[in-house]
Amino acid sequence: QVQLVESGGGLVQAGGSLRLSCAASGRTLSSYEMGWFRQAPGKERESVAVISWSGGTTYYGDSVKGRFTISRDNAKNTVYLQMNSLKPEDPAVYYCAADLGGRLRRGAADYWGQGTQVTVSS
């Protein structure tokens, strides 16, 4: 059974940085597209960033372009999200996801993590 476990969330001041990690267990996900989503209270889940299986292609949501960077280490079965210049509108529960069929940009995934909370103080 595949498990995705996020870590690295927490409280940070506006303008600060956080690095989220998502470690996969149960199977190797080196062939999977992986990504990060977020959901704030009362809002729909939003795609934040997606990375191809090789790491060669990335996609970012408009609200995070230029501030967030997604990367992966297939040897460690882990995907990261470096978040810089955090803004008051960034707080949400951030979820990691993995999909073999290239569906992440459509919001679908084979596997989801439980999420990690990011809070930004102004």
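Structure: above.
First, a word on what this report is: a plain description of the structure on this page. Quantities reported herein were computed from a predicted structural model and do not represent experimental measurements.

**So, the pattern of salt bridges**
A side chain with one charge may pair with a side chain of the opposite charge, provided their charged atoms come close.
So, point 1. Tallying each qualifying case throughout the model produces six salt bridges.
So, point 2. Taking the shortest distance from any N to any O, the salt bridge between Asp90 and Arg67 comes out at 2.7 Å. Placement of Asp90 in the loop between strand E8 (78-83) and strand E9 (92-99) and of Arg67 in the loop between strand E6 (58-60) and strand E7 (68-73) is noted, with a sequence separation of 23 residues between them.
So, point 3. Classification of Asp90 by relative accessible area gives buried; the value is 0%.
So, point 4. Using a relative accessible area of 10% as the deciding quantity, one classes Arg67 as buried.

**Structural notes on the packing of aromatic side chains**
Given two aromatic rings, one states the distance between the centres and the angle between the planes to describe the pair.
So, point 1. All told, the structure shown has two aromatic pairs when counted by the stated rule.
So, point 2. Each ring, one from Tyr32 and one from Tyr111, has its centre 6.0 Å from the other, and the planes form 40 degrees; the classification is tilted. Placement of the pair is Tyr32 in the loop between strand E3 (18-25) and strand E4 (33-39) and Tyr111 in strand E10 (residues 111-112), with a sequence separation of 79 residues.
So, point 3. Residue Tyr32 is classed as buried on the basis of its relative accessible area, which comes to 6%.
So, point 4. When the ring centre of Phe37 is taken as reference, the NZ or CZ atom of Arg45 above it lies at 5.7 Å.

**So, the pairing of E4**
So, point 1. Along E4, six of the seven residues are buried, which leaves the element largely enclosed by surrounding structure.
So, point 2. In this sheet, E9 lies alongside E4 in antiparallel orientation, the contact comprising seven bridges. The residue of E9 that forms the bridge with Met34 is Ala98.
So, point 3. With five bridges connecting them, E4 and strand E5 (residues 46-51) associate as antiparallel partners. Across the sheet, the residue bridging to Met34 is Ile51, located in E5.
So, point 4. Adjacent in sequence and paired antiparallel, E4 and E5 are bridged by six residues, among which Gly42 carries a positive phi angle near 80 degrees.

**Details of the sheet that holds E7**
So, point 1. Taken in spatial order, the four strands make up an open sheet running E1-E3-E8-E7, and their pairing is antiparallel. Sheet topology places strand E1 (3-7) and E7 at the edges, where each strand pairs with a single neighbour. Put simply, the sheet's adjacent strands are angled 15 degrees from each other on average, direction ignored.
So, point 2. Relative to E8, E3 runs antiparallel, the two being bridged by six bridges. Bridging from a neighbouring strand, Leu18 pairs with Met83 of E8.

**As for the pairing of strand E11 (residues 116-121)**
So, point 1. In E11, alternate side chains face the same way, and those of Thr116, Val118 and Val120 are buried while those of Gln117, Thr119 and Ser121 on the opposite face are not.
So, point 2. Where strand E2 (residues 10-13) and E11 come together, four bridges link them in parallel fashion. Counted as the bridge partner of Gly10 is Val118 from E11.
So, point 3. Two elements, E9 and E11, share three bridges in a ladder whose sense is antiparallel. Directly across from Ala92, in E11, lies its bridge partner Val118.

What counts as what
- Residues numbered from 1 in each chain as written.
- Predicted model: local features only at pLDDT ≥ 70, side-chain atom pairs only at ≥ 80, totals over all residues.
- Heavy atoms only, no water.
- Salt bridge = Lys/Arg side-chain N within 4 Å of Asp/Glu carboxyl O.
- Helix = DSSP H or I, 4+ residues; strand = E, 2+ residues; numbered from the N terminus.
- Buried < 20%, exposed > 50% of the residue type's maximum accessible area, 1.4 Å probe, protein only.
- Phe/Tyr/Trp six-rings, centres within 6.5 Å; stacked < 30°, edge-to-face > 60°.
- Lys NZ or Arg CZ within 6 Å of the ring centre and 35° of its normal.
- Pairing = 2+ DSSP bridges.
- Axes fitted to C-alpha atoms, helices over the stretch in contact; angles between N-to-C directions.

Just distances and angles here, no functional claims.
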